[in-house]
Amino acid sequence: MRATCILLCFFTFLVASSAHPGKKKQYKPCKELVLYFHDIIYDGQNAANATSAIVAAPEGANLTILASQFHFGNIAVFDDPITLDNNLHSPPVGRAQGMYIYDTKNTFTAWLGFSFVLNSTDHHGTINFMGADPIMIKTRDISVVGGTGDFFMHRGIATIATDAFEGEVYFRLRVDIKFYDCW
């Protein structure tokens, strides 16, 4: 009797799990947010408005010029303004603070670790991000690994896209955040 019950349960599981082969469950975000952050790297002449700086470089490299060969070996830290739209001069709603590490020799790729520190009338708290950024791809996903305040323990995915860039001194990222785990 017990063996029959186990066999019946197993068969029911197999039928239920194969009812829609290849069809994934679609999850809906519990919260969404789109923000922009603006990075102005220090180039030796723009100290007044720079929001990031190269803090490590390959041996013999200059800390005011990104290394050749896909910037491999450069590490930059940043404290960038975050805005609700793509205008650098819009009122900031917070700061993007963290680092990016250029970690590939044959294409433009960086590893990102940063937080959005938000302090506006709409949002208070932090959102923490971490992961690889294959820069040459139009849109790429990075993990949202947690947060504080209004974003306490939130997790999800941020789709980032380079919205604008000016040489190697300025870039703007559009960050489309979708939280799938909201507390």
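Residues numbered from 1 in each chain as written. Predicted model: local features only at pLDDT ≥ 70, side-chain atom pairs only at ≥ 80, totals over all residues. Heavy atoms only, no water.

### Some details on the side chain of H71
One can find H71 in the loop between strand 2 (52-56) and strand 3 (75-83). With near-sequence residues (within four places) excluded, H71 lies in contact with L66, Y102, F108 and E168. (Helix = DSSP H or I, 4+ residues; strand = E, 2+ residues; numbered from the N terminus. Contact = heavy atoms within 4.5 Å.)

### Some details on the confidence of the model for the protein
Close reading of the predicted structure is inappropriate where its pLDDT is low. Mean pLDDT over the protein: 87, with 87% of residues reaching 70 or higher. For the protein, the element scoring lowest by mean pLDDT is helix 1 (residues 2-17), at 47; strand 7 (residues 139-147) scores highest, at 97. Segment residues 6-18 is flagged for pLDDT under 50; beyond a separation of four residues in sequence, or across chains, it makes 0 contacts in the model. (pLDDT = per-residue confidence, 0-100.)

### Side note on unusual backbone geometry
Although it is not a glycine, Q69 sits at a positive phi angle of roughly 55 degrees. With respect to the secondary-structure elements, Q69 resides in the loop between strand 2 and strand 3. We classify Q69 as partly exposed; its relative accessible area is 47%. In this model, F70 sits at a positive phi of 65 degrees, which is unusual for a non-glycine residue. You can see F70 is positioned in the loop between strand 2 and strand 3. (Buried < 20%, exposed > 50% of the residue type's maximum accessible area, 1.4 Å probe, protein only.)

### Here's the deal with the state of the cysteines
The tally for this structure, following the rule as stated, stands at 1 disulfide. With its sulfur 2.0 Å from that of its partner, C30 forms a disulfide with C182. Sign of the S-S torsion, about 85 degrees for the bond between C30 and C182, identifies this disulfide as right-handed. Highlighted residues: C30 in the loop between helix 1 and strand 1 (31-40) and C182 in the segment after strand 9 (170-181), separated in sequence by 152 residues. Given the relative accessible area of 42%, C30 is considered partly exposed. Its relative accessible area of 27% is what places C182 among the partly exposed residues. (Disulfide = S-S within 2.5 Å.)

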